[in-house]
Amino acid sequence: MARRNKEVEALLQEYADLVLITGGDAFKARAYEKAARAIGGHHADVAGLDAEGLREIPNVGKSIADKVVEYLRTGQMAAVEDVRDRIPAGVRELMAIPTLGPKKAVALYEELHISSLTELVAALDEGRLRDMKGFGPKTEDNIRHGIALMRAAGDRVPLNAAMELAEDIVADLSAVTGCERCAYAGSLRRMRETIGDIDILVAADDSAPFMEAFTRLPHTAEIVVGGAKKTSVRTAEGLQVDLRVVPPDSWGAGLQYFTGSRAHNIRTRELAVHNRLKLSEYGLFDTETGEKVVSKSEEEVYARLGLPWIPPTLREDRGEVRAGARGELPHLVGEKDIRGDLHTHTDLTDGLSPLEDMVRTAAELGYTYYAVTDHAPDLYMQRMTDEKALAQRERVRALDREYHGMRLLHGTELNIGPDGGVDWPEGFLEGFDICVASVHSHFNQSPEAQTRRLVKACEHPRVNVIGHPTTRIIGKRPPLDLDLDAVFAACARTGTALEVNSHPDRLDLSDENILRAKRHGVKFAIDSDAHSVTHLAYMRYGVGTAQRGWLTKDDVINTWPLTRLRAFLRKA
DNA sequence: GCCGTTTTCGGCCCGACTGTTTTCAGTCG
């Protein structure tokens, strides 16, 4: 029961690629790309919209709206089918090889009739690419190399892995003589849930020492490109890291540019053009005189465009530029706003650290409250019993008396059974300060049954938070197939919070689902779901994800004072 | 193909690097 938006997005993106492959107008291809993205990110299911409704989505005009209606009604889009008849699907797949774009892909198809990776490898081995115009020996090497990379996964890496590497590199480059500023930018600064490559920016007068130091870092396994202003390396794990060095005076414009996203940059550059300005990574310039207007800080650049500084986590072209222009940017929830963690484990069930260690680490993080929520009996391998839970409660109450700045809450993470019921009867649950409830099994029920299951859990008078609501594991397990809007509505109606699980493998809810849920008026809990003391620090990734979902302090129950939180937990 | 408080036509972000080129096309971000 997934929304059909993603499916339509993929189809329009395919058409955009095919327009390029067939040598069509590049601006037309871009128009389809923009529409694809707009539809993919639109809050309402396009299946429920007519042509008129579709045209209200930005960048969707008459032509695309009609094509989408045609597709939703007949299951086909004639324009796409037409091109598919002429261009085998494999040709488009060739474009996935780095350094191989639409022009080379179509040249390979038209001259050598290559339309699959296998055929391309065979042609390479037979030396058949050598006679082609525009294909020299280096091109051949690059294609071989690209194929090898693609086969070696070359996947995006989890947010925390990229973050740890980036912070290492920033520390190393900051120590190089002449470094005025150094920071990571790109999707990492925007806190996307996975990272394809790392962008590092340095401000310095002389770039040479940084390029030199960068290529000699212990992480560097291979130099991809090496220039005076830009150098790219690949780590042993296959992650690409780009270093750009800009003059100190260009720091703000450079950071703005390299943080992206691409779509956000296009939006801000268009705004610049409308103001007779030109925006590049070197600064904001007057179009007529060519004189630099501003460039030192991001704040100056945005201000000259008539905008407040836009937090990097919002820079996805999801309306942040328009909201900024109107003075309607949300005051995003920040790490400092988090007063406590409401979903954590100890070694009583499947955690690794003892209760005392978890509590001490939480206190060091400066929390004013902290909930211990070990698993309930249904996850039988964890061997939880009524007696163990009650004994733990005594230890929690005793510890609570020792910590003066931090109140301890005794909670549990209930298992939502296949029918929506939870382990432990209501009478026993009354003794807990907070109950998180999550799905841990039976992932393949019908969408209708799955939806009923989650809605029923929300309606339970003792369930306060739905933990990792879609149960996805990024790159491993798909999200539950259910009617999310029905679940979101149930949460809003019953006073049940949705979790933003901060574990980098989960980040569940995702940014897009947070945006959808917020429209229903749902409240959220950003939790670490820590299973050891080191996991408590994952909170930063949950906060980043919440920011990407435009959440404010008021949306997040664990930023609230304890009295307001307790009132919410009563579900009155 | 989309869009509009300069425009319903004529724009559409912009620069770096590579490779195969004798002046630039393709790709990438």
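Residues numbered from 1 in each chain as written. Chains lettered and ligands numbered in written order. Predicted model: local features only at pLDDT ≥ 70, side-chain atom pairs only at ≥ 80, totals over all residues. Heavy atoms only, no water.

Per an unreviewed UniProt entry, chain A goes by DNA polymerase beta and derives from Wenjunlia tyrosinilytica. Under the UniProt heading Subcellular location (unreviewed entry), the entry covering chain A gives this text: "Cytoplasm". Word for word, the UniProt comment on chain A under Cofactor (unreviewed entry) is "Mg(2+)". (UniProt positions renumbered as here; feature names shortened; annotations may be inferred.)

Peer 1: How should I be thinking about the UniProt feature "domain: Helix-hairpin-helix DNA-binding motif class" (unreviewed entry) in chain A in this particular structure?
Peer 2: Here, UniProt's "domain: Helix-hairpin-helix DNA-binding motif class" (unreviewed entry) annotation points to residues 52–71, 92–111 and 127–146. The distance separating the terminal C-alpha atoms of residues 52–71 is 15 Å; by composition the span is 70% helix and 0% strand. For the annotated span residues 92–111, helix accounts for 65% and strand for 0% of the residues, and the straight-line distance between the end C-alpha atoms is 16 Å. (Helix = DSSP H or I, 4+ residues; strand = E, 2+ residues; numbered from the N terminus.)

Peer 1: Looking at this model, I keep getting lost on helix α20 (residues 447–459). Mind explaining?
Peer 2: An α-helical turn contains 3.6 residues, so any two residues separated by three or four positions project in the same direction. Taking 1.5 Å of rise per residue, the 13 residues of α20 would be expected to cover 18 Å, and the 18 Å separating its terminal C-alpha atoms lies within 8% of that figure. For α20, the full list of buried residues reads P447, A449, Q450, T451, R453, L454, V455, A457 and C458. Where α20 is buried, its residues meet β15 (465–466) and α21 (484–494). (Expected span 1.5 Å × (residues − 1). Buried < 20%, exposed > 50% of the residue type's maximum accessible area, 1.4 Å probe, protein only. Contact = heavy atoms within 4.5 Å.)

Peer 1: Which parts of the structure should I look at to understand the sheet that holds strand β8 (residues 277–280)?
Peer 2: Strands in a sheet are paired, the pairing made by backbone hydrogen bonds, and the direction either parallel or antiparallel. Taken together, three strands build an open sheet; the order of strands is β8-β9-β10 and the sheet is antiparallel. Strand pairing shows two members of the sheet lacking a second neighbour, β8 and β10 (292–294), which therefore form its edges. Recorded for the sheet is a direction-independent mean angle of 35° between the axes of neighbouring strands. One ladder, built from two bridges, connects strand β9 (residues 283–286) with β10; its direction is antiparallel. Bridge pairing in β10 places L284 opposite V294. Where helix α14 (residues 262–274) meets the sheet, its contacts fall on β8 and β9, and the angle it forms with β8 comes to roughly 155°. (Pairing = 2+ DSSP bridges. Axes fitted to C-alpha atoms, helices over the stretch in contact; angles between N-to-C directions.)

Peer 1: Got a minute to help me understand the side chain of R189 in this structure?
Peer 2: Looking at the secondary structure, you find R189 in helix α11 (residues 186–189). A residue is classified by how much of its surface remains accessible, and R189, at 18% relative accessible area, is buried. Excluding residues that lie within four positions of it along the chain, R189 makes contacts with Y184, L255, T259, E298, W309, P312, T313 and R315.

Peer 1: Looking at this structure, how should I read the domain arrangement of chain A?
Peer 2: Often, the extent of an interface is quoted as the loss of accessible area upon association of its parts. Entries for chain A in the domain assignment read domain 1 (5–151), domain 2 (157–246), domain 3 (250–325) and domain 4 (335–569). Centre-to-centre, using C-alpha coordinates, domain 3 lies 39 Å away from domain 4. Contact with domain 3, which involves seven residues of that partner, is made by seven residues of domain 4. Between domain 3 and domain 4 the total buried area reaches about 620 Å² when both faces are included, carbon and sulfur atoms providing 52% of it. The three residues of domain 3 that bury the most area against domain 4 are T313, L314 and R318, which together make up 82% of that side's buried surface. Of the charged contacts, one joins E316 and R548 as a salt bridge, the two residues approaching to 2.9 Å between their closest N and O atoms. Our count for the domain 3 to domain 4 interface comes out at four residue pairs in polar contact (both at pLDDT 80 or more). (Domains from an automatic or database assignment. Buried area = accessible area lost by both parts, 1.4 Å probe. Salt bridge = Lys/Arg side-chain N within 4 Å of Asp/Glu carboxyl O. Polar contact = N/O pair within 3.5 Å; in protein donor to acceptor, adjacent residues only side chain to side chain.)

Peer 1: For this particular structure, what's the right way to read the protein's contact with DNA strand B?
Peer 2: Around DNA strand B there are 47 residues in total, and R30, G136, Y257, R262 and R269 lie nearest to it. Protein-adjacent atoms of DNA strand B, using a 4 Å cutoff, are sugar or phosphate at a proportion of 69%. Within the backbone of K104, an N or O atom sits 2.9 Å from a phosphate oxygen of DNA strand B. Between DNA strand B and P137, the relevant distance is 3.1 Å, taken from a phosphate oxygen to a main-chain nitrogen or oxygen of the residue. Mapped onto the surface near DNA strand B, the elements with two or more residues apiece are α2 (26–40), α4 (62–74), α7 (102–112), α9 (137–151), β5 (220–226), α14 and β8. (Near = heavy atom within 4 Å.)

Peer 1: What am I meant to see in unusual backbone geometry here?
Peer 2: Comment: phi is negative for the bulk of residues other than glycine, and the bulk of peptide bonds are trans. A cis amide bond links G260 to the next residue, S261, at an omega of -5°. You can see S261 is positioned in the loop between α13 (251–259) and α14. With omega at 10°, the peptide bond leading from D508 into L509 counts as cis. Within the secondary structure layout, L509 lies in the loop between β16 (497–501) and α22 (511–519). Despite not being glycine, T99 has its phi angle at roughly 75°, a positive value. Along the chain, T99 turns up in the loop between α6 (89–94) and α7. The backbone of W550 sits at a positive phi, close to 65°, despite the residue not being glycine.

Peer 1: Quick question: what am I supposed to make of the sheet that holds strand β2 (residues 181–184) here?
Peer 2: Taken together, the five strands give an open sheet; going across it, the order is β2-β4-β7-β6-β5, and neighbouring strands pair in mixed fashion. Each having just a single partner strand, β2 and β5 make up the two edges of the open sheet. Strand-to-strand twist of the sheet, defined as the mean angle between neighbouring strand axes without regard to direction, takes the value 20°. The pairing of strand β4 (residues 197–203) with strand β7 (residues 240–246) spans seven bridges and is parallel. Residue pairing for β7: I198 is matched across the bridge by V241.

Peer 1: How should I be thinking about the environment of A44 in this particular structure?
Peer 2: Within the secondary structure, A44 is located in the loop between α2 and α3 (51–55). When the C-alpha atoms of A44 and S261 are compared, they prove to be 23 Å apart, with 217 residues separating the residues in sequence.

Peer 1: Explain the pairing of β16 here, please?
Peer 2: The side chains of a regular strand alternate, first on one face of the sheet and then on the other. Here β16 lies mainly inside the structure; five of its five residues are buried. In β16, alternate side chains face the same way, and those of A497, E499 and N501 on one face and L498 and V500 on the other are all buried. When β15 meets β16, the two strands line up parallel, connected through two bridges. Bridged to V465 within β16 is A497. Taken together, β16, α22 and strand β17 (residues 524–527) form a β-α-β motif whose crossover is right-handed. (Right-handed = clockwise from strand over helix to strand, strands pointing away.)

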